[in-house]
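# Examination of the molecular architecture
One-letter residues, chain by chain:
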Amino acid sequence: MNSSSPKSRDGFTSSLGVIAATLGSAIGLGNIWKFPSLTGLNGGAAFLILYVVCTLLVGLPVMIAELAIGRRAKANAITSFQKLAPKQAWWLIGAAGVLSAFLIMAFYSEVAGWVFAYIFKAATGALATTDPKALGQAFGDLIADPVQSLIWQWLVLILVSGILIAGVSKGIESLEKKLMPALFALLLVVIVRSLTLPGAGQGLEFLFKPDFSKVTGATILAAMGLSFFKLSVGMGTMITYGSYFRDDQNIPSTAIRVMLGDVLVSILAGIAIFPAVFSFGFKPDAGPALLFITIPAVFNSIPLGGLFVVVFFVLGAIAATGAMLSIVEVPVAFLNEQLGWSRKKATIATSIALAVVGSTAALSNSALANTKFFDKTFFDLYDFASSNVLLPVGGLAICLFVGWRWGGQEFARELTNRESLGNIRVARLFFGLLKFVTPILVFVVLLNGLGIIKL
Ligand code: PHE
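So, here's what we can say about the structure. (Residues numbered from 1 in each chain as written. Predicted model: local features only at pLDDT ≥ 70, side-chain atom pairs only at ≥ 80, totals over all residues. Heavy atoms only, no water.)

## Re the site of the ligand
The immediate surroundings of the ligand are formed by 14 residues, with Ala-26, Gly-30, Tyr-108, Phe-229 and Lys-230 found nearest. Within the backbone of Phe-229, one N or O atom sits 2.8 Å away from a nitrogen atom of the ligand. Protein contacts shield 100% of the accessible area of the ligand, which totals 320 Å² for the unbound molecule. Taken atom by atom, the bulk of the ligand overlaps the largest cavity. At the level of secondary structure, the elements contributing two or more residues to the shell around the ligand comprise helix 1 (15-26), helix 2 (29-41), helix 10 (217-230) and helix 14 (305-338). (Near = heavy atom within 4 Å. Polar contact = N/O pair within 3.5 Å; in protein donor to acceptor, adjacent residues only side chain to side chain. Areas by Shrake-Rupley, 256 points an atom, 1.4 Å probe, with all protein chains shown as cover. 1 Å grid on protein atoms, 1.4 Å probe; cavity = no way out; pocket = protein on both sides within 12 Å on 5 of 7 lines; lining within 4 Å. Sits in = over half its atoms within 2 Å of the grid points. Helix = DSSP H or I, 4+ residues; strand = E, 2+ residues; numbered from the N terminus.)

## Considering the nonpolar core
Counting residues in each nonpolar core, the largest one holds 160 residues, and the members touching the most others are Phe-292 and Phe-411. With 21 residues, helix 14 is the single largest residue contributor to this core. Leave out the neighbours within four places in its chain, and Phe-292 touches Trp-33, Val-111, Trp-114, Val-115, Tyr-118, Phe-139 and Phe-313. (Core = buried A, V, L, I, M, F, W, Y, C linked by side-chain atoms within 4.5 Å. Buried < 20%, exposed > 50% of the residue type's maximum accessible area, 1.4 Å probe, protein only. Contact = heavy atoms within 4.5 Å.)

## So, unusual backbone geometry
Unusually for a residue other than glycine, Lys-87 sits at a positive phi of about 60 degrees. Judged by relative accessible area, Lys-87 falls into the exposed class, the value being 88%. We note that Arg-418 has phi near 55 degrees; this positive angle belongs to a residue other than glycine. With respect to the helices, strands and loops of the structure, Arg-418 is situated in the loop between helix 17 (408-415) and helix 18 (424-449).

Right, here's the structure in full:
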């Protein structure tokens, strides 16, 4: 197969652009919303340790596998499998990925909508109180208002579509190159403020001193699910982005850097949030509301706090946007390449479909609050099913594909840039993980976490 990309195919143009866009996909609401809320609910440091272990043994190898598949095939998530394994059913992995993209975007675009709404609320002084009850009320009012929920979600979808229509290099890459440094700078500002609060040490202790007594099978599955969600793997996002990588890009070293950057941002978000939470006597286990109630409450109790609230939510909006670009790119790339639709048509069609599916999540706290499956609203169901079922199953299938179908030789060829990099050992290490270790781990954690087997 000819691996040099045809001139007509858009892609990332520089090595820095590759890192910015891939990091932009990884860093998102997962770092500032999901990670702190799960860590707070699951006892702090013990969860953090499990999450890091899962990232190293599961998330990272699958990420490398996906990038290699995508760059070799130079195609979207479904077509990539059809190219590498013609006439076999492996493309279903990509098809499942498109489904996951819809389910994730359904709730993700809603939370992103709340984040954007909070920038305006904070800037106009609507959140200028330290009373958790009043803030809880404000958040409750927002999510229980069907009109506001839908409008913020649509605005988010329109923003993401606009960037995607501009293209891979002119839209995603050029924007992320500007946004990523801004995100790190804003995060540092918030951290310095949080760490200089009286009593910050207690929060740090919570984040770094492990207590394994609360760990159950469900906790381990949640940590593994987070490691998939965080690195955007298990649903073809990294296959799609890998297909935009340049041929001279070092895949393992890029993946490792993105993984380190992503874990760092999660830990920094934890350092920004938990000391402040403890310093003001809040509870760390507020769950998904942590971000929207606790953050304004803690920052509003300090001088210039209102400004930090705005900064924090701008940071969240930046992070969420980069991640959403990569989720929506999965179906867009498919429709564009496989059905021959223009990018514009593919993006608009996808966004309309997303608005329809997403409305069930947006209305989960109002009109559809009582519509439940397995005791979960649509919002919670999409969140749980994607991170804790679909991404792990997708990741498992990708391990099996690389380990047992594509094979070590082809995989190593892609990781070493056709033996030109001298990193064959690294390639062998990750192949061994993907063939034996990662799939068994995912399988066991998944069945145990869902209560199908009991360890
Ligand atoms: N990694 C993103 C985050 O942490 C979420 C995401 C999941 C993006 C799956 C792409 C694919 O917010």
